[in-house]
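Chain and residue survey
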Amino acid sequence: MASSLLFIFVFVVLACENASAATDVPFEENYETLWGYDHISLRNQNRELRMFLDQHSGAGFWSLRRYGSGFFRMRIKTPPKDTTNIVTTYYLNSTIDNIRDEIDFEFISKDRRPNILHTNLFINGRGGREQELVLWFDPSADFHDYALLFNQHQLVWFVDDTPIRVFKNKTSIGGSFPTQPAKVMATIWSSPNWPSPGKQPNWADAPFIADYQGFSIDGCVTQSTTSDPQCYSSNYWWNQEKYWQLDTIQQQKLLDVRKKYLIYDYCTRIPKSPECKS
Ligand SMILES: *[C@@H]1O[C@H](CO)[C@@H](O)[C@H](O)[C@H]1NC(C)=O
Ligand SMILES: *[C@@H]1O[C@H](CO)[C@@H](O)[C@H](O)[C@H]1NC(C)=O
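Residues numbered from 1 in each chain as written. Chains lettered and ligands numbered in written order. Predicted model: local features only at pLDDT ≥ 70, side-chain atom pairs only at ≥ 80, totals over all residues. Heavy atoms only, no water.

**Some words on the site of ligand 1**
- All residues in the neighbourhood of ligand 1 are listed as Trp-62, Arg-66, Tyr-91, Asn-93, Thr-95, Glu-102 and Met-185.
- Asn-93 places a side-chain nitrogen or oxygen 2.3 Å from an oxygen atom of ligand 1.
- Ranked by residues supplied to the shell around ligand 1, first place goes to strand β6 (residues 86–96) with three residues.
- Its residues assigned to classes, the shell around ligand 1 shows three nonpolar, two polar and two charged. (Near = heavy atom within 4 Å. Polar contact = N/O pair within 3.5 Å; in protein donor to acceptor, adjacent residues only side chain to side chain. Helix = DSSP H or I, 4+ residues; strand = E, 2+ residues; numbered from the N terminus. Nonpolar A, V, L, I, M, F, W, Y, C, P; charged D, E, K, R; others polar.)

**A short note on the state of the cysteines**
- With the rule as written, the count across this model stands at two disulfides.
- Disulfide partner of Cys-220: Cys-231, at an S-S distance of 2.0 Å. Here the S-S torsion is close to -70°, and the disulfide linking Cys-220 with Cys-231 is therefore left-handed. Of this pair, Cys-220 sits in strand β15 (residues 218–221) while Cys-231 sits in the loop between β15 and α3 (248–261), placing them 11 residues apart in sequence. Taken as a pair, Cys-220 and Cys-231 share a single burial class, namely buried.
- Here Cys-267 is linked by a disulfide to Cys-276, with a sulfur-sulfur distance of 2.0 Å. (Disulfide = S-S within 2.5 Å. Buried < 20%, exposed > 50% of the residue type's maximum accessible area, 1.4 Å probe, protein only.)

**Considerations on the pattern of salt bridges**
- What the rule picks out here adds up to nine salt bridges.
- One salt-bridge network, held together by shared partners, links Arg-73, Arg-75 and Asp-145. (Salt bridge = Lys/Arg side-chain N within 4 Å of Asp/Glu carboxyl O.)

Below, the structure written as structure tokens:
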């Protein structure tokens, strides 16, 4: 009995180690620094990145390749201080022929309220699809998982496996949906005007440090500048039918989390938009 339990235990430990070894790759395998070179450092055999913002500069990194679909995931620890007008981000960005598609996670504080997760979506150059929720934990205390499912049917934002936002492909009824292959990006920056107009960041608290982990990317790499049909293949797990919509448990989680924590939704301003209809 004891020995078979031990066997199972060893087996599970080995299996987990293999799984994390397979998903844990060094930064340079998929990403490069974009700006703020002296404000970024790699640690832990390049499995972890630290970047900081001070009065001189912020920093940013992006993926080497573009992706036409995928399940994008990053572990992030946000700056632990007063982050008035300091923005820590993780997003997909695609600017092709000056047309911008973008799918955002942005960590902000607003009206002295910390721990707000702002999400937005630009399609064909048009944004204005903001939603905001108050995270139910302190994102600066520890790493948490932030992920984005992107297939032909839906975009889903996840926080630690809890879906917090869904954007369905409703192009058939006049909605819009991002089409351009995108790079995965992350930045830390500040603005005297967003989200709190006219407020300087609290520079006495600088540097503002953000940490990132998890540099493997589950995505469909493409050179195409328009939507690439091979990225919709069901050979990619995130395109399979069970990812076309949330399952019942996920739907319930989504409803619960939005009921408790959502503080802003652009759809309440323009409820008639096809994309806002449920
Ligand atoms: C998006 O990527 C383009 C390059 O493709 C870059 O010029 C632009 O600044 C990026 N936008 C953001 C918000 O990162
Ligand atoms: C959105 O859905 C339509 C079908 O309704 C499909 O033809 C189109 O490829 C989808 N768009 C994207 C970007 O996946």
